[in-house]
Amino acid sequence: MTLFYHVVDRGVIKRRCNGQRGHYPLSSLLDGYQCARQDEHISYGASAAAVPPFGCTFSSAPGQQNSLAVANEEGIVTIFTTGEKQSSVLKEWQAHDNAVFDIAWVPGANSLVTASGDQTARLWDVITGDLLGTFKGHQCSLKSVAFSKQERAVFSTGGRDGNIMIWDTRCSKKDGFYRQIKQISGAHMKPEKYTPQTKKRRGMAPPVDSQQGVTVVLFCDENKLISSGAVDGIIKMWDLRKNYTAYYHNPLPLQAYPYPGSCTRKLGYSGLSLDSTGSRLFSNCTDDNIYMFNISGLKTTPVAVFSGHSNSSFYVKSSVSPDDQFLASGSSDHHAYIWKISDPKQAPMMLQGHSQEVTSVAWCPTDFTKIASCSDDNTVRIWRLNRRPDGENSSNRDPNLVGWTLRKIQSPPRAPGPYSPVEVTPAKGPGSERAVSLASPQPAACAPTGADLPLPSNTSAPSAKGPSSERRAKRRLETGDGSGLGEESDGVSELYPDVKRSRISVSTQNEKGDLFSLQTEERLSSAGQAGTGKENSSPRTTDWLSVISQRFKGSAQPKSPNGSSKRHDARTHSSPVAVSPCPIRVISPPPTKKASPSRPMKKISCYFVKRTQD
């Protein structure tokens, strides 16, 4: 705890509460990771040109925990010494004539193994730079190499040829090369439909898509090995005490962890890492998630998922902190990320400063305050934990810094409020779509993408400029106002406002016409016989009386003429008796049917239309 409090109190005033030192959570220190200019190193190739580094790892040898090994694209291995304040190059040599994709230290020794694209692995003495042995057996590039913590002489490699090979340095060489003592062929072959075999080109390896190579190998203990593939989406655990040579095409693993996501395209894993207990496995998947599996039990589904980064290549790796509390990983969005393992939903911390994809990340196993990262911007950076002074922000940041830490901002789900856009623009769902379809069937009622949505309002607006029917329907449902539901329940009225206005006038005039007919009948029944002089002043009066008398006597009803005559009558006559039935005939049934006796105005108008044409 001395180092912990020393880091906390660096650059700040010592706080004491009642004579006792205050306690700080360890996660509060994560924003103190920084990279100074002297801790940024450019990776050079054989021609002195900058090339991207592919792998980095810290040594576990006693007294050499500050040694960092980095391998780059042109096969050069560099050993950095990471001191207290700055890092420097300790040793550098050409390990392969091809790219070195992975590198692993021999546990507790000053030697390491490199996995190269020249289809070989090599064992090196770091102190002298001597080559101790070459391991040959793969038919394609080697992508991963791993040692067992309990055994220095045994290690495993995985290649693009789809094979996993186990090597032992205690065995004798053959033709100057070490040969594998165990092999798992087709470890991650994905079963597919039968396809006719094509003629193999001489001297050319089969396509990578058909190889479905091994991307990562990792020892769980001295008898169990974990591996992942490029396209099958399955993590497999192998029992090394079993002989897999007989099962050449489809070897059966001890345990399989299928892909837990929902993506349908071919997916694989770019990195695997274990905590110090060997029970929690962290797998970098190319679907932008890191899945945590509990491999000590029988459950094959992940117990946690870490998201927020991007993974679009098979070079992104992860590393666990020495106290098993945090997980660091590279990312394709030019940042490195740190999650709190006990709280996967918490927003991660971002190590900012790189300008290209961050590939390999290594946490020093003996020093929590030190992290190394490799990037496609041809640099290697050492991040150190420095407690920021109070009041320091991005405006007064030290100009000597080339990397700093910020917490990733995640947009939380907004709760709908009285003025929230969520209130007037509901999300699509089964219930909402059903409710909206009652108001308007047209999909074009929604606002276009990127358009400014109108603010919610309780006042009505014309249909041409007002909010869409979806927003009006949503607002009615929320406020409980059903007054306008009837007039907007017809999809035709939303598409054709003129028809809507005409139907409103029809309903209004219908009520007026019925009321006027009732009043006319009352006046006629109370007035008695009409005078003969009324015919000259109003010829329609005698017609009203004759038609009503015929109705009272039970005479036959006159047939209505065609609809065109009715519309012409509605346009020529201006009296309320002739105008009132006009809207009715716009939506009236075919003229062959007899009108209902409850509508006397229809019969009267038809009669007068016929008289006018005569």
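All figures in this text were calculated on a predicted structure; none of them were measured in a lab. (Residues numbered from 1 in each chain as written. Predicted model: local features only at pLDDT ≥ 70, side-chain atom pairs only at ≥ 80, totals over all residues. Heavy atoms only, no water.)

1. Some remarks on the UniProt feature "repeat: WD" (unreviewed entry) in the protein
Next up, step 1: With numbering matched to this structure, UniProt assigns "repeat: WD" (unreviewed entry) to residues 93–134, 135–170, 214–248, 319–349 and 351–386.
Next up, step 2: Secondary structure content for residues 319–349 is 0% helix and 39% strand, and the end C-alpha separation is 14 Å.
Next up, step 3: Helix makes up 0% of residues 351–386 and strand 58%, whereas the separation of the span's terminal C-alpha atoms amounts to 13 Å. (UniProt positions renumbered as here; feature names shortened; annotations may be inferred. Helix = DSSP H or I, 4+ residues; strand = E, 2+ residues; numbered from the N terminus.)

2. Notes on the sheet that holds strand β18 (residues 224–229)
Next up, step 1: Strand order in this open sheet of four strands is β17-β18-β19-β20, and the pairing throughout is antiparallel. Whereas interior strands pair on both sides, the edge strands pair on one side only; in this sheet they are β17 (214–219) and β20 (255–257). For this sheet, the mean angle separating the axes of adjacent strands, direction not counted, is 20°.
Next up, step 2: The pairing of strand β19 (residues 235–239) with β20 spans three bridges and is antiparallel. Pairing of Met 237 across the sheet is with Gln 255, part of β20. (Pairing = 2+ DSSP bridges. Axes fitted to C-alpha atoms, helices over the stretch in contact; angles between N-to-C directions.)

3. Brief notes about the environment of Gln 139
Next up, step 1: Note on placement: Gln 139 falls in the loop between β12 (131–136) and β13 (142–148).
Next up, step 2: You can call Gln 139 exposed: its relative accessible area is 55%.
Next up, step 3: Taking the C-alpha atoms as reference points, Gln 139 and Asp 161, 22 residues apart in sequence, are found 6.0 Å from one another.
Next up, step 4: If sequence neighbours within four positions are ignored, Gln 139 has contacts with Gln 119 and Asp 161. (Buried < 20%, exposed > 50% of the residue type's maximum accessible area, 1.4 Å probe, protein only. Contact = heavy atoms within 4.5 Å.)

4. Here we look at the sheet that holds strand β10 (residues 111–116)
Next up, step 1: With antiparallel pairing, the four strands of this open sheet are ordered in space as β9-β10-β11-β12. For this open sheet the edge positions go to β9 (100–105) and β12, each flanked by a neighbour on one side alone. Averaged over neighbouring strand pairs, the angle between their axes works out to 20° when direction is ignored.
Next up, step 2: As paired strands, strand β11 (residues 120–125) and β12 are joined by five bridges and run antiparallel to one another. Of the residues in β12, the one forming a bridge with Thr 120 is Lys 136.

5. Quick word on the pattern of salt bridges
Next up, step 1: If you walk through the whole model with that rule in mind, you get seven salt bridges.
Next up, step 2: In this structure, Arg 384 and Asp 39 form a salt bridge, with 2.8 Å as the shortest nitrogen-oxygen distance. Separated by 345 residues along the polypeptide, Arg 384 in strand β31 (residues 379–385) and Asp 39 in the loop between β3 (33–36) and β4 (40–42) bring together distant segments of the chain. In terms of burial, Arg 384 and Asp 39 fall into one category: buried.
Next up, step 3: One network of salt bridges, with partners in common, ties together Glu 151, Asp 168 and Arg 170. (Salt bridge = Lys/Arg side-chain N within 4 Å of Asp/Glu carboxyl O.)

6. A word on the environment of Trp 383
Next up, step 1: Counting through the fold element by element, Trp 383 comes out in strand β31.
Next up, step 2: Note: C-alpha distance between Trp 383 and Thr 369 (14 residues apart in sequence) is 7.9 Å.
Next up, step 3: Polar side-chain contacts of Trp 383 include one of 2.9 Å to the side chain of Ser 373. (Polar contact = N/O pair within 3.5 Å; in protein donor to acceptor, adjacent residues only side chain to side chain.)

7. Points about the nonpolar core
Next up, step 1: In this structure, Leu 30, Tyr 33, Ile 338, Trp 363, Phe 368 and Ile 371 are the most contacted members of the largest nonpolar core, which totals 18 residues.
Next up, step 2: Breaking this core down by element, the ones donating at least two residues are β3, β26 (326–329), β27 (336–340), β28 (349–352), β29 (358–363) and β31.
Next up, step 3: No other element matches the three residues that β29 contributes to this core.
Next up, step 4: Those residues in contact with Leu 30 that sit more than four places away from it in its chain are Phe 326, Ile 338, Met 349, Phe 368 and Thr 405.
Next up, step 5: With 16 residues, the next largest nonpolar core counts Ile 226, Tyr 257, Leu 272 and Phe 293 among its residues. (Core = buried A, V, L, I, M, F, W, Y, C linked by side-chain atoms within 4.5 Å.)

8. Quick word on the side chain of Ser 185
Next up, step 1: Positionally, Ser 185 belongs in the loop between β16 (182–184) and α2 (208–211).
Next up, step 2: Among the polar contacts listed, one links the side chain of Ser 185 to the side chain of Gln 183, at a separation of 2.9 Å.

9. With respect to the side chain of Arg 381
Next up, step 1: Along the chain, Arg 381 falls in strand β31.
Next up, step 2: Note on Arg 381: relative accessible area 5%, which makes it buried.
Next up, step 3: At 2.9 Å, the side chain of Arg 381 and the side chain of Glu 40 are in polar contact.
Next up, step 4: One polar contact links the side chain of Arg 381 to the main-chain carbonyl oxygen of Val 402, over a distance of 2.7 Å.
Next up, step 5: With residues up to four places along the chain from it excluded, the contact list for Arg 381 reads Cys 35, Asp 39, Glu 40, Gly 353, His 354, Ile 371, Ala 372, Ser 373, Val 402 and Gly 403.

10. Regarding the packing of aromatic side chains
Next up, step 1: Evaluated as defined, the whole model comprises 18 aromatic pairs.
Next up, step 2: Ring centres of Tyr 259 and Tyr 291 lie 6.4 Å apart, and the angle between their planes is 90°; this geometry places the pair in the edge-to-face category. Placement of Tyr 259 in the loop between β20 and β21 (269–274) and of Tyr 291 in strand β23 (residues 289–294) is noted, with a sequence separation of 32 residues between them.
Next up, step 3: One aromatic cluster in this structure is built from Phe 135, Phe 147, Phe 155, Trp 167 and Tyr 178.
Next up, step 4: The ring centre of Phe 177 lies 5.0 Å from the NZ or CZ of Lys 136, which sits over that ring.
Next up, step 5: Seen from the ring of Phe 101, Lys 143 lies directly overhead, with NZ or CZ sitting 4.0 Å from the centre. (Phe/Tyr/Trp six-rings, centres within 6.5 Å; stacked < 30°, edge-to-face > 60°. Lys NZ or Arg CZ within 6 Å of the ring centre and 35° of its normal.)

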